[in-house]
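Residues per chain, in single letters:
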Amino acid sequence: MAPTSEINGTHPSGLPIDEAGPPPSALPNTTTSLPPPTLHPATLAIHADDRLNTHTDVAPPLHTSTTFRYPSDPTALTPWSNTGPTHIYSRISSPNLTRLETVLTALLHGPALTYASGLAAFHALLVLLNPRRIAIGGGYHGCHGVVALVSKLTGLAKLDLENPADLARLQPGDLIHVETPLNPTGEARDLAFYAAIAREKGCVLSCDATFAPPPLLEPFRWGVDVVMHSGTKYFGGHSDMLCGVLAVRPEVDAEKGWVRRLAEERVFLGSVMGSLEGWLGTRSLRTLEVRVQRQSDNAGRLVAWLDGELRRREGEEGGVVARVVERVQHASLQPEAREEGSWLRQQMPRGWGPVFSVVMREADDARVLPSRLHLFHHATSLGGVESLIEWRAMSDASIAKTVLRVSVGIEGWEDLRDDLLQGFRSLLEERKGTTTTEAS
Ligand SMILES: *Cc1c(COP(=O)(O)O)cnc(C)c1O
């Protein structure tokens, strides 16, 4: 599990790194100051970039320069070299992004690169692989938008991941792209199943694991070749930065050199993050594990509560929840979640994703509920420390108007439960109010 860049002291792309600090002679011995690769992810999140910490600052400095001085020694000048020992221009690399990518490489267990957004990362993946066909399921609508743009340029054909007849049409070199857990339901997909198909067909398997950041899911363990994240969500974690991430399984990268090519192509795509975002991202990753575990735990408790309330429907008098909610969707409610040793339990042993869907009985209730809540912002996106709820029709044209998507934050879960309950109650009271007015 040792990320290779940890050992050889280079950038995840294989390009040498620069410290943007004192000259190399003043640096600590980089090989002995590396964190042992056996460290716990929570420790790596704090220490994976220690060797880039060449100032006395404890908190990483923010570097804003877009351009970096060439060596002052004329004999050290190599014309037209992007691979010198220092940063050159921030479209190629820059100190804050290198730090962020170093920590991501340790946490994702494969060399990682960042992009200006999740969709920019997905675009870069399609440019790298240039597949003839992509098998893709439901999930985040924006990725389908990127596929449509690339199709316009290359004739890329879209196949349906859920359709066996479409999977039979896959050819070597095609791409299978699996989003798990899936937007907006939070239900998971079996990566090992798709890895077997990818092997049989000679396809590349990529996974959009945005909804299950570390430590919840480790896609490389289940045969995924390239992991994509919208780092805007859990990596950023505070709803204040856009970020995309691609990481390549180390064995695949050793054979194909994809991360180096991605880094070279990113120079011309121009889709790099800004330095402030790189700085924010590094700061955020320090707390990734505690945030995600708390969010996952909160979501599990809320879903279990809602599900329990819905089950009361039969027999007992229906509670408030059952009168307004049709059903709840989440990985914890998939049948395999209850089966010991199931693919779902194996692939997500540390908890479920912190996003779930609530399908309301009435579309009108789905539209109104967010305005009746005090602790949930009515907003799109997810992954931040603050809980969000979205009437999903606001941002996804293809979705039923009864669907609410919930992104659970790190608040006390009982407060979130009570807020939802008073929101459901106020829907029922308003309805009663309307009926009385109509009757009178
Ligand atoms: C948000 C999101 C994206 C797109 O990421 P941006 O950072 O907004 O470009 C892609 N996939 C999933 C699953 C997402 O939630």
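Quick caveat: nothing in here was measured; it's all calculated off a predicted structure.

Caption draft 1: Molecular detail of the pattern of salt bridges. In total, this model carries 19 salt bridges according to the counting rule given. Of the charged contacts, one joins R286 and D49 as a salt bridge, the two residues approaching to 3.0 Å between their closest N and O atoms. One end of the pair, R286, is in the loop between helix 10 (275-285) and helix 11 (288-311); the other, D49, is in the loop between helix 2 (41-47) and helix 3 (95-108), with 237 residues separating them in the sequence. The partner of R189 in a salt bridge is E162, with the nearest N and O atoms 3.6 Å apart. Taken together, the residues span a long stretch of sequence, with R189 in the loop between strand 4 (175-179) and helix 7 (191-201) and E162 in the loop between strand 3 (157-160) and helix 6 (164-168) at a distance of 27 residues. The network of salt bridges with shared partners includes D49, R99 and R286.

Caption draft 2: Here's a closer look at the site of the ligand. Taken together, the neighbourhood of the ligand is formed by 14 residues, with G118, D208, S230, T232 and K233 sitting nearest. Between L119 and the ligand, the recorded distance is 2.9 Å, taken from a backbone N or O atom to an oxygen atom. In isolation the ligand has 380 Å² of accessible area, and contact with the protein removes 93% of it. Every element with two or more residues in the shell around the ligand is listed here: helix 4 (118-129) and strand 6 (226-230). A breakdown of the residues in the shell around the ligand according to their chemical character gives six nonpolar, five polar and three charged.

Caption draft 3: Examining the sheet that holds strand 8 (residues 325-329) more closely. Spatial ordering of the open sheet is given by 8-9-12-11-10, a layout of five strands whose pairing is mixed. For this open sheet the edge positions go to strand 8 and strand 10 (377-378), each flanked by a neighbour on one side alone. By the bridge criterion, four bridges tie strand 8 to strand 9 (residues 355-360) in an arrangement that is antiparallel. Paired with V325 across the two strands is M360, which belongs to strand 9. Against the sheet, helix 11 engages strand 8 and strand 9, with an angle of about 145 degrees to strand 8. In the packing of helix 14 (residues 363-372) onto the sheet, contacts are made with strand 9, strand 10, strand 11 (388-391) and strand 12 (403-407), and the angle to strand 11 comes to roughly 145 degrees.

Caption draft 4: Geometry of the sheet that holds strand 2 (residues 133-136). Reading across the sheet, the seven strands line up as 1-7-6-5-4-2-3 and stay open at both edges, with mixed pairing between neighbours. A single partner strand is all that each edge strand has here, and the edge strands are strand 1 (112-115) and strand 3. Going from strand to strand, the sheet's axes swing by 20 degrees on average, the running direction of each strand aside. In terms of strand pairing, strand 2 meets strand 3 through four bridges, oriented parallel. Paired with I134 across the bridge in strand 3 is K158. Of the strands in this sheet, strand 1, strand 6 and strand 7 (244-248) touch helix 3, which is tilted by about 130 degrees from strand 1. Strands in contact with helix 5 (residues 141-154) are strand 2, strand 3, strand 5 (204-208) and strand 6; relative to strand 2, the strand with the most contacts, it is inclined by about 170 degrees.

Caption draft 5: Structural context of unusual backbone geometry. The step from T180 to P181 runs through a cis peptide bond, and the omega angle for that step is -15 degrees. You can see P181 is positioned in the loop between strand 4 and helix 7. In the segment running from P214 into P215, the intervening peptide bond is cis, with an omega of 10 degrees. Position of P215 among the secondary structure elements: in the loop between strand 5 and strand 6. Of note in the backbone geometry, S239 takes a positive phi value of approximately 55 degrees without being a glycine.

Reading the values: the criteria
- Residues numbered from 1 in each chain as written.
- Predicted model: local features only at pLDDT ≥ 70, side-chain atom pairs only at ≥ 80, totals over all residues.
- Heavy atoms only, no water.
- Salt bridge = Lys/Arg side-chain N within 4 Å of Asp/Glu carboxyl O.
- Helix = DSSP H or I, 4+ residues; strand = E, 2+ residues; numbered from the N terminus.
- Near = heavy atom within 4 Å.
- Polar contact = N/O pair within 3.5 Å; in protein donor to acceptor, adjacent residues only side chain to side chain.
- Areas by Shrake-Rupley, 256 points an atom, 1.4 Å probe, with all protein chains shown as cover.
- Nonpolar A, V, L, I, M, F, W, Y, C, P; charged D, E, K, R; others polar.
- Pairing = 2+ DSSP bridges.
- Contact = heavy atoms within 4.5 Å.
- Axes fitted to C-alpha atoms, helices over the stretch in contact; angles between N-to-C directions.

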